Amino acid sequence: MSNQSKIKIFFDSKCSICTREINYYRAIADKDTFIWCDLHNDSKTLRAYGVDYKKALLMLHAIDEKGMIHIGIDAFCLIW
């Protein structure tokens, strides 16, 4: 599966709670479904989708296979 057809999940790697939760999802997720993007290393990707960095720090953001942005619980639903 190409990177463009994967769901991109943006998380704050400097937040221990966020990192712990994302690591759990990484461990149980299908390896070909997600790209796990650290906000601090992938801010360029965020800007490409028009996502504000500070807002992304406050709430989970995801971009689905069609390029649609999902925020908060909607982003978690993509993972679940």
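Caption draft 1: Expanded view of the pairing of strand β2 (residues 34–38). With respect to burial, β2 is a largely interior element, 5 of its 5 residues being buried. The sheet contact formed by strand β1 (residues 7–11) and β2 spans 5 bridges and is parallel. Pairing of Phe11 across the sheet is with Asp38, part of β2. Viewed along the sheet, the connection from β1 through helix α1 (residues 16–28) into β2 turns out right-handed.

Caption draft 2: Layout of the confidence of the model for the chain. For the chain, per-residue confidence averages 91 on the pLDDT scale, and 95% of positions sit at 70 or higher. Summarising per-element confidence for the chain, the mean pLDDT is lowest in helix α2 (residues 43–48) (86) and highest in strand β4 (residues 69–71) (96).

Caption draft 3: Here's a closer look at the environment of Lys31. Here Lys31 is to be found in the loop between α1 and β2. By relative accessible area, Lys31 is classed as exposed at 59%. Expressed as a C-alpha distance, the spacing of Lys31 and Glu65, which sit 34 residues apart in the sequence, is 15 Å. If near-sequence neighbours (up to four positions away) are discounted, Lys31 is found in contact with Lys6 and Arg26. One polar contact links the side chain of Lys31 to the main-chain carbonyl oxygen of Arg26, over a distance of 3.2 Å.

Caption draft 4: Geometry of a nonpolar patch on the surface. On the surface, Tyr49, Leu58, Met59, Ile69 and Ile71 cluster together to form a nonpolar patch covering roughly 480 Å² of accessible area. Looking at the element boundaries, Leu58 is found in helix α3 (residues 53–58).

Rules used throughout
Note that residues are indexed from 1 along each chain, following the sequence as it is written. Local features in this predicted model are restricted to residues of pLDDT 70 or higher, and side-chain atom pairs are both shown and tallied only at a pLDDT of 80 or more, whereas totals for entire chains, interfaces and linings draw on every residue. With hydrogens and water stripped out, all remaining heavy atoms of the structure feed into the side-chain values. Any residue under 20% of the maximum accessible area for its type is buried, any over 50% is exposed, and the rest in between are partly exposed; the area is computed with a 1.4 Å probe on protein chains only. The helix count covers DSSP runs of H or I at least four residues long, the strand count covers runs of E at least two residues long, and both are numbered beginning at the N terminus. Should DSSP find at least two bridges between two strands, the strands are taken to pair. When the strands point away from the viewer and the path from the first strand over the helix to the second turns clockwise, the crossover is right-handed. On a scale of 0 to 100, pLDDT captures the predictor's confidence in every residue. Contacts: residue pairs with any heavy atoms within 4.5 Å of one another. Each polar contact in these results corresponds to two N or O atoms within 3.5 Å; when the atoms are within protein, one needs to be able to donate a hydrogen and the other to accept it, and residues that are neighboring in sequence are counted only if both atoms are side-chain atoms. Patches draw on residues past 30% relative accessible area with no salt bridge. Two like charges within 9 Å are joined, as are two nonpolar side chains (Val, Leu, Ile, Met, Phe, Trp, Tyr) within 5 Å. Using the Shrake-Rupley algorithm and a 1.4 Å probe, accessible areas are obtained, with residue cover drawn only from the displayed protein chains. Basic side-chain nitrogens of Lys or Arg form a salt bridge, by our definition, when they fall within 4 Å of a carboxyl oxygen of Asp or Glu.

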